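Structural overview for review
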Amino acid sequence: MEFPQQQKPAGDGKIVYPPGVKEITDKISNDEVVKRLKMVVKTYMDMDQDSEEEKQQYLGLALHLASEFFLRNPNKDVRLLVACCLADIFRIYAPEAPYTSHDKLKDIFLFITRQLKGLEDTKSPQFNRYFYLLENLAWVKSYNICFELEDCNEIFIQLFKTLFSVINNSHNQKVQMHMMDLMSSIIMEGDGVTQELLDTILINLIPAHKNLNKQAYDLAKTLLKRTVQTIETCIANFFNQVLVMGKSSVSDLSEHVFDLIQELFAIDPMLLTSVMPQLEFKLKVNRGLERLAVVRLLAKLFGAKDSELASQNRPLWQCFLGRFNDIHVPVRLECVKFASHCLMNHPDLARDLTEYLKVRSHDPEEAIRHDVIVTIINAGKKDLNLVNDQLLGFVRERTLDKRWRVRKEAMMGLAQLYKKYCLHHEAGKESAGKISWIKDKLLHIYYQNSIDDKLLVEKIFAQYMVPHSLDTEEKMKCLYYLYACLDTNAVRALNEMWKCQNMLRGLVKELLDLHKLPVSEANNTAMLGKLMSIAKNLPDAGKAQDFMKKFNQVLGEDEKLRIQLEMLISPTCSCKQAEICVREITRKLTFPKQPTNPFLEMVKFLLERIAPVHIDSEAISALVKLLNKSIEGTADDDEEGVTPDTAIRSGLELLKVLSFTHPTAFHSAETYESLLQCLKMEDDKVAEAAIQIFRNTGQKIETELQQIRSTLIPILHQKAKRGTPHQAKQAVHCIHAIFNNKEVQLAQIFEPLSRSLNADVPEQLITPLVSLGHISMLAPDQFASPMKSIVANFIVKDLLMNDRSVGNKNGKLWTTDEEVSPEVLAKVQAIKLLVRWLLGMKNNQSKSANSTLRLLSAMLVSEGDLTEQKKISKSDMSRLRLAAGGAIMKLAQEPCYHDIITPEQFQLCGLVINDECYQVRQIFAQKLHVALVKLLLPLEYLAVFALCAKDPVKERRAHARQCLLKNISVRREYIKQNPLAQEKLVSLLPEYVVPYMIHLLAHDPDFTKPHEYEQLKDIKECLWFMLEVLMTKNENNSHAFLRKMVENIKQTKDAQCPDDAKANEKLYIVCDVALFVIANKSTACHLESPKEPVLPSKFFLVQDKPKPAPVLGAVNKPLTVPGRRVFPKTTAASDTASNTSTSPLTQGGEPDVDWNYMQSNASPVKRRGRPPRTAAGAEKDGAAAPTGGGTGRGRKRAADPNSSAEPIKVSKQQQQNDEGTKRQIDLQR
């Protein structure tokens, strides 16, 4: 607007005052000035814009009030009254102000602005006048006059600063509204907002200022919302200059741009309409720190609760998701942290995030994998529906992470979800069902080798799965139904957990018992052994040993501590007592107090493992009551998701397991009465479990519970005579375990059963045979002699040597248990009876063991058809071969019988692992592994696993390799932990398996032509299958020891047939192949052997004269290979699980072997257990393997070493190809 010419006051410049107001000059006092100004203010307040006469009359006064005297008056009241007058003057004379000078207007508005500071004190007597001033200015929009001033920006900046500084929480809505009106009119009606003015608004949004004056923040927020259409362009320009052009000097707020963007987005996303594309640009800059800052900002914007940015700006969202794969670790970490808030606030974006979180769950950085788990678990704890199955699957995978911190977070996270949704049912049954797999998965982790994992599983079980803080009934109900819902592997893991805890309690008890003995060197050595064993069951074995030694020292000095510990591990200790004991022991070890006490932490680990926090007599009673309710049909089985039958069976299984670890807790009439009811149930498994519980816990029944005894005896007799085989076994063992007159009781069972044996009714033979076998094993002195006549006249002559029925000729190699003929089942039990009878006698004075071993060998040689009448089906023959092989292996566990097992019988037993039937190989290998890992079988049986290199099924080879690794590890650990084992190294040291392996391979019935390439290749594969595991490490120069051992074998003769030149030749050739394998796999094997190997005289006969040159030289003249060629594997080739590369078999330009031709024209000698690899799948299902060629049906008896083998049929073309060429064996891989 144009300012008008200066208006002249009426009366030739004389100032007219309102009636009653005297002249106001600097000559009067301030009080008088104030008094007169109040009357002037009253006059102007009463005037309006239509009072033209008064306006003209008081124009002089208006100009006078703008003089320096008033504008610079030191008196606060004077200035306030003048400001009120000036505000009214602007109102009255609007739209044209009476002041024409730009400088004067600037001075006036700056003066008025300064007066607005008085609004700060709402309790001031003058506050109403200040409010009137503000109201007047806002209503009239007086400051809009300043738009025509060149430096109006200075006025506006001062005004905005003043208003933002004075506003506080004592102001009412009207004050805030007038401030808002005043400022918004300036922004919306002006030509634009300068950067300086924008800064005065935006500075209130910065976190530091925001926290200082929340009302100023709210005012700025409201102002921006109201003026969004006008101010958005100015904001965009500011961010464009800072973000894109990098001009940080444009504003003092440049360093706070990301904070400002976050605040502006929260106020109104429209304020940033033009800014978002600039952020997409910043996400792609080269500097990692800049990207990190932008990612942090966008994480807050996308993750905000009501944010719709992801749906409104998809390009920016996709660009942001790309930062999950950023090369800069902190950027990826920030993205992962954002995902948690995003999942909670925006479930609809979970699908977009899932794929990126999947990649980050495999991130090489541990911290990122850890935060992925935290992100998913936090969202799941808020609401399980926020995380899909795929996200939970990522957490599940990380429970097997290589880093402990990640594994721990994953396991604890899943445990927390399980407790919240499955235990407390906070989100209903549907949510509980969604994560029902967690309980199984957590327990499966107990199979891991790390002791940290095992300890954490135990802690999770005690705190989250079955919280020990619950009262006994609730706790046992929780355990009862948990056990019923677990899968098979989880049940085994839980059983193993209780077993380990019980074993550790036993070690502590043995340690305490040693403290009761007089001090001696032997006692100290024994204590050290116990401490080492205990330390192995605690984390960080090295530190654990030191801390356990210290704990042992404290135990020796503090008798009260020993008493508390004895009470803790006592079988009669209750759960409540256990808590008190742990608390007392911990209190005693707390002094002196330290911020961190690793010794105390280690002791706590031990106490947590040995303290009975779940099971005591009261707990067993509660479990039995639950079982009774399930039997009566009054339990909550269906509500808990299990059928009554499942609840009863699993409940008995649970009690059975606990009867091993807590037998004392079962001793009550009420418990035994319930178990007697279970014995009468039709479910065979339930009755069997009940008998086993009696067997484990009933030692005091005969003396203290006569009523139970009288009821139990006839039931056990009935089960031993007419129950299932498993029930019969448990019944016999139960009688033997809990009754004093066991001989009388067993005789009452033995005599009627022995008289009633009838081979014509095989269905009724199985249970009697089981009972008789176990009776003869448990009471050999009483029943060994009468059993001998039963064995000779009935078992062997009448049952095993006769085939009364004709088997099913369906051609299958294996059938289910239900399809096996009763006669064969009876024969299998008869074989087991023979073994149990011999194991009971434990001597071979009557030579019965020799006869039995010959019988079992004949069974294997005849492939299960002992009579060779061809009446038995193939599947039944497989069952009998498995039984015979298992029987020899069982007898070998008894030293007196192991000594009489001949090498031929050992070989026949070992060859079962190459049986043509997949199930026979599988079951035999598992039995072999279990016996070896318990150190029950002699070392030579470990050599049998070398034959698994020939197995056509990859899974079997892999399983065999794992068995080897486990057995070798167990033996090495046993030698380390037992100083006395040094005296028995020949029977324990894994390297001593090599002589047995070489002898076994030399007598392999497939190894008929020692100069034939394919057979030598098989030998090499078998050797490497074992040696590769043995030679993983060169401990104590073991490679040189192996070489020396093989060289020594070449200086001996085959003790099995020392005068057979061909047998010795095969032995030496296997030695040569073994030497080449060792030499080509180790550079250290040529060093000096640490000690002279000892060879088993049963297999090797020391020669009196030096052995001639290696026989292999005739076959393999050039012993070095100038070049290596890859020979491709075919379907019939045998490879090991540990070595998938093929052996180079030809040299230079020699043509490759025609594998198919060699197969089709191979020797017709039957090859046990080697069906074609193409048939391996069908073999698992019980189908017979093809019978043609060299890979046909299973073993025949081992070929006579002196017999001549049939010549290989070779085509004319093949002969031409072979002429002039020299076959080499490249033993390198």
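Sequence order as written defines residue numbering, which begins from 1 separately in each chain. Local features are withheld for residues below a pLDDT of 70 in this predicted model, meaning they are given only at 70 or higher, and side-chain atom pairs are given and counted only at 80 or more; totals for whole chains, interfaces and linings count all residues. To obtain the side-chain values, all non-hydrogen atoms of the structure were used and water was disregarded.

1. Considering the overall build of the protein
A run of H or I in DSSP counts as a helix once it spans at least four residues, and a run of E counts as a strand once it spans at least two, with each numbered from the N terminus. In terms of helices and strands, the protein carries 59 helices and two strands. Residue exposure (1.4 Å probe, protein chains only): buried if accessible area is under 20% of the type maximum, exposed if over 50%, otherwise partly exposed. Burial statistics for the protein: of 1229 residues in total, 55% are counted as buried. The method behind every accessible area is Shrake-Rupley, applied with a 1.4 Å probe, and residues are considered shielded solely by the protein chains displayed. Surface exposure of the protein reaches about 54,400 Å², of which carbon and sulfur atoms provide 50%.

2. A short note on the packing of aromatic side chains
One pair of aromatic rings is described through two measures. These are the centre distance and the angle between the planes. By convention, a stacked pair of Phe, Tyr or Trp rings (six-membered ring in the case of Trp) has centres within 6.5 Å and planes under 30 degrees apart, an edge-to-face pair has planes over 60 apart, and any other such pair is tilted. Considering all chains together, one arrives at 23 aromatic pairs under this definition. Ring plane angle 50 degrees and centroid distance 6.0 Å describe the contact between Phe 547 and Phe 599, whose orientation is recorded as tilted. Taken together, the residues Phe 547 in helix α30 (residues 541–557) and Phe 599 in helix α33 (residues 598–610) connect sequence positions 52 residues apart. The class for Phe 547 is buried, based on a relative accessible area of 17%. Summarising the aromatic geometry, the rings of Phe 750 and Phe 783 are spaced 4.7 Å apart at their centres and angled 35 degrees between planes, so their arrangement reads as tilted.

3. Details of helix α23 (residues 404–423)
In this model α23 runs 26 Å from its N-terminal to its C-terminal C-alpha over 20 residues, within 8% of the 28 Å that 1.5 Å per residue would give. When we look at burial in α23, the residues that qualify are Val 406, Arg 407, Ala 410, Met 411, Met 412, Gly 413, Leu 414, Ala 415, Leu 417, Tyr 418, Tyr 421 and Cys 422. Contacts between residues were defined by any pair of non-hydrogen atoms, one from each residue, lying within 4.5 Å. Buried residues in α23 make contact with α21 (366–382), α22 (389–398), α24 (428–434), α25 (437–444), α26 (451–465) and α27 (472–485). Positive phi shows up at His 425, right after α23, with a value of about 50 degrees. One less than the residue count of a helix, multiplied by 1.5 Å, gives the span that helix is expected to have.

4. Some details on the packing of helix α42 (residues 766–778) against helix α44 (residues 822–841)
Whenever a helix is involved, its axis is fitted only over the stretch in contact; in every case the axis is a line through C-alpha atoms, and angles between N-to-C directions fall within 0 to 180 degrees. For the pair α42 and α44, the least separation of the axes is 8 Å and the interaxial angle reads 5 degrees. In terms of their interaxial angle, α42 and α44 are classed as roughly parallel. In this structure, α42 uses Ile 766, Leu 769, Val 770, Leu 772, Gly 773, His 774, Ser 776 and Met 777 to contact α44, whose residues at the interface are Pro 822, Leu 825, Ala 826, Gln 829, Ala 830, Leu 833, Arg 836, Trp 837 and Gly 840. In these notes the angle categories are as follows: under 35 degrees is roughly parallel, over 145 is roughly antiparallel, 65 to 115 is roughly perpendicular, and the rest is oblique.

5. Digging into a negative patch on the surface
On the surface, a cluster of negative charge is made up of Asp 48, Asp 50, Glu 53 and Glu 54. For Glu 54, a relative accessible area of 33% translates into the label partly exposed. What goes into a patch is any residue over 30% in relative accessible area without a salt bridge, connected to like charges within 9 Å or, for nonpolar side chains (Val, Leu, Ile, Met, Phe, Trp, Tyr), within 5 Å. A pair is scored as a salt bridge if a Lys or Arg side-chain nitrogen falls within 4 Å of a carboxyl oxygen belonging to Asp or Glu. Positive: Lys, Arg. Negative: Asp, Glu. His and the chain ends are not part of the count. For charged residues, the charge sits on one atom: NZ in Lys, CZ in Arg, CG in Asp, CD in Glu.

6. Concerning unusual backbone geometry
Working note: non-glycine residues mostly have negative phi, and peptide bonds are mostly trans. Not every positive phi belongs to a glycine, and Lys 141 is a case in point at roughly 60 degrees. Summarising the element assignment, Lys 141 is placed in the loop between α7 (127–140) and α8 (152–166). With a relative accessible area of 36%, Lys 141 lands in the partly exposed category. Located in the positive-phi region is Leu 935, a residue other than glycine, with phi close to 60 degrees. Summarising the element assignment, Leu 935 is placed in the loop between α49 (918–933) and α50 (954–977). On the basis of relative accessibility, which here comes to 28%, the residue Leu 935 falls in the partly exposed class.

7. A look at the side chain of Lys 1066
By the element assignment, Lys 1066 lies in helix α55 (residues 1061–1081). It turns out Lys 1066 is buried and unbridged, and the closest side chain with the opposite charge, Asp 1060, is 7.6 Å from it. Those residues in contact with Lys 1066, other than ones at most four positions away along the chain, are Ala 1002, Phe 1007 and Pro 1010.

8. Here we look at the packing of α30 against α33
At a closest axis distance of 10 Å, the pairing of α30 and α33 adopts a crossing angle of 85 degrees. With respect to their mutual orientation, α30 and α33 come out roughly perpendicular. Within the contact between the two elements, α30 uses Ala 544, Phe 547, Met 548, Lys 550 and Phe 551 and α33 uses Pro 598, Phe 599, Met 602, Val 603 and Leu 606. Here the nonpolar group is Ala, Val, Leu, Ile, Met, Phe, Trp, Tyr, Cys and Pro; Asp, Glu, Lys and Arg are the charged ones; every other residue, Gly included, is treated as polar. Of the residues belonging to the contact of α30 with α33, the class tally is nine nonpolar, no polar and one charged.

9. Description of the pattern of salt bridges
The tally for this structure, following the rule as stated, stands at 48 salt bridges. The salt bridge partner of Lys 106 is Asp 151, with a shortest N-O separation of 2.6 Å. In this pair, Lys 106 is assigned in helix α6 (residues 102–115) and Asp 151 in the loop between α7 and α8, connecting sequence segments 45 residues apart. The residue Asp 401 makes a salt bridge to Arg 369 at a minimum N-O spacing of 2.7 Å. Pair noted here: Asp 401 is in the loop between α22 and α23 and Arg 369 is in helix α21, with a separation of 32 residues, a long-range link. Judged by its relative accessible area of 3%, Arg 369 falls in the buried class.

10. Digging into a nonpolar patch on the surface
The grouping of Val 244, Met 245 and Phe 281 at the surface amounts to a nonpolar patch, some 270 Å² of accessible area in total. Summarising the element assignment, Phe 281 is placed in helix α15 (residues 276–282). Under the relative-accessibility criterion, Phe 281 is labelled partly exposed at 44%.

11. Comments concerning the environment of Arg 971
With respect to the helices, strands and loops of the structure, Arg 971 is situated in helix α50. Overall, the relative accessible area of 1% leaves Arg 971 in the buried class. With 37 residues separating them along the chain, Arg 971 and Lys 934 place their C-alpha atoms 9.6 Å apart. Setting aside its immediate chain neighbours within four residues, Arg 971 contacts Leu 932, Leu 935, Leu 937, Pro 938, Leu 939, Ser 987, Leu 988 and Pro 990. Looking at Arg 971, its side chain comes within polar contact range of the main-chain oxygen of Ser 987, at 3.3 Å. Pairs of N or O atoms within 3.5 Å make up the polar contacts considered here, provided that, within protein, one atom can donate a hydrogen while the other can accept it, and that residues adjacent in sequence are counted only when both atoms are side-chain atoms.

12. Here's the deal with the side chain of Ser 307
Among the structural elements, Ser 307 can be located in the loop between α16 (288–303) and α17 (309–312). A polar side-chain atom of Ser 307 sits 2.8 Å from the main-chain carbonyl oxygen of Leu 301.

13. With respect to α33
An ideal rise of 1.5 Å per residue puts 18 Å on 13 residues; α33 measures up with 19 Å between its terminal C-alpha atoms. Among all positions in α33, only Phe 599, Leu 600, Met 602, Val 603, Leu 606, Leu 607, Arg 609 and Ile 610 are buried. Against α26, α28 (488–515), α29 (521–535), α30, α31 (559–569) and α32 (575–589) lie the buried residues of α33.

14. Re the nonpolar core
One finds Tyr 44, Leu 86, Tyr 143, Phe 239, Phe 945 and Leu 1027 to be the most contacted residues of the largest nonpolar core, which totals 358 residues. Sorting elements by how many residues they give to this core places helix α5 (residues 76–93) first, with 13 residues. Discounting chain neighbours no more than four positions away, the residues touching Leu 1027 are Val 994, Met 997, Leu 1042, Ala 1074, Val 1077 and Ile 1078. Among the nonpolar cores identified, the runner-up in size contains 33 residues, and Leu 512, Ile 569, Leu 589 and Leu 607 belong to it. Here, the term nonpolar core denotes a set of buried Ala, Val, Leu, Ile, Met, Phe, Trp, Tyr and Cys residues that are joined through side-chain atoms within 4.5 Å.

15. A word on the environment of Ile 15
Relative to the elements of secondary structure, Ile 15 occurs in the segment before α1 (30–46). Taking C-alpha positions, Ile 15 is 7.7 Å from His 64, a pair spaced 49 residues apart along the chain. Beyond its immediate sequence surroundings of up to four residues, Ile 15 is in contact with Gly 60, Leu 61 and His 64.

16. Considering the confidence of the model for the protein
Here the protein averages 82 in pLDDT, and 88% of its residues register 70 or above. Mean pLDDT across the elements of the protein bottoms out in helix α57 (residues 1155–1160) (28) and peaks in α49 (95). Long-range and interchain partners of residues 1–12, a stretch whose pLDDT sits below 50, account for 26 contacts in this model, where long-range means more than four residues apart. pLDDT is a residue-level measure of predictor confidence that goes from 0 to 100. Confidence over residues 1107–1179 falls short of pLDDT 50; this stretch has 177 contacts with residues more than four positions distant or in other chains.

17. Observations regarding a positive patch on the surface
A cluster of basic residues, Lys 499, Lys 729, Lys 832, Lys 890, Lys 927 and Lys 934, forms a positive patch at the surface. Of note, Lys 832 is situated in helix α44. In this structure Lys 832 comes out as partly exposed when scored by relative accessible area, which is 38%.

18. Quick word on the state of the cysteines
Criterion for a disulfide: a pair of cysteine sulfur atoms within 2.5 Å. Considering all chains together, one arrives at zero disulfides under this definition. Take Cys 575: it sits in no disulfide, and the sulfur closest to it among the cysteines is that of Cys 573, at 7.8 Å. The exposure class of Cys 575 is buried, given its relative accessible area of 7%.

19. Digging into the environment of Val 331
In this structure, Val 331 sits in helix α19 (residues 329–345). On a C-alpha basis, the gap between Val 331 and Val 294 in space is 9.5 Å, while along the polypeptide they are 37 residues apart. Ignoring any residue separated from it by four or fewer positions in sequence, one finds Val 331 in contact with Gly 288, Arg 291, Leu 292, Val 295, Arg 323 and Asp 326.

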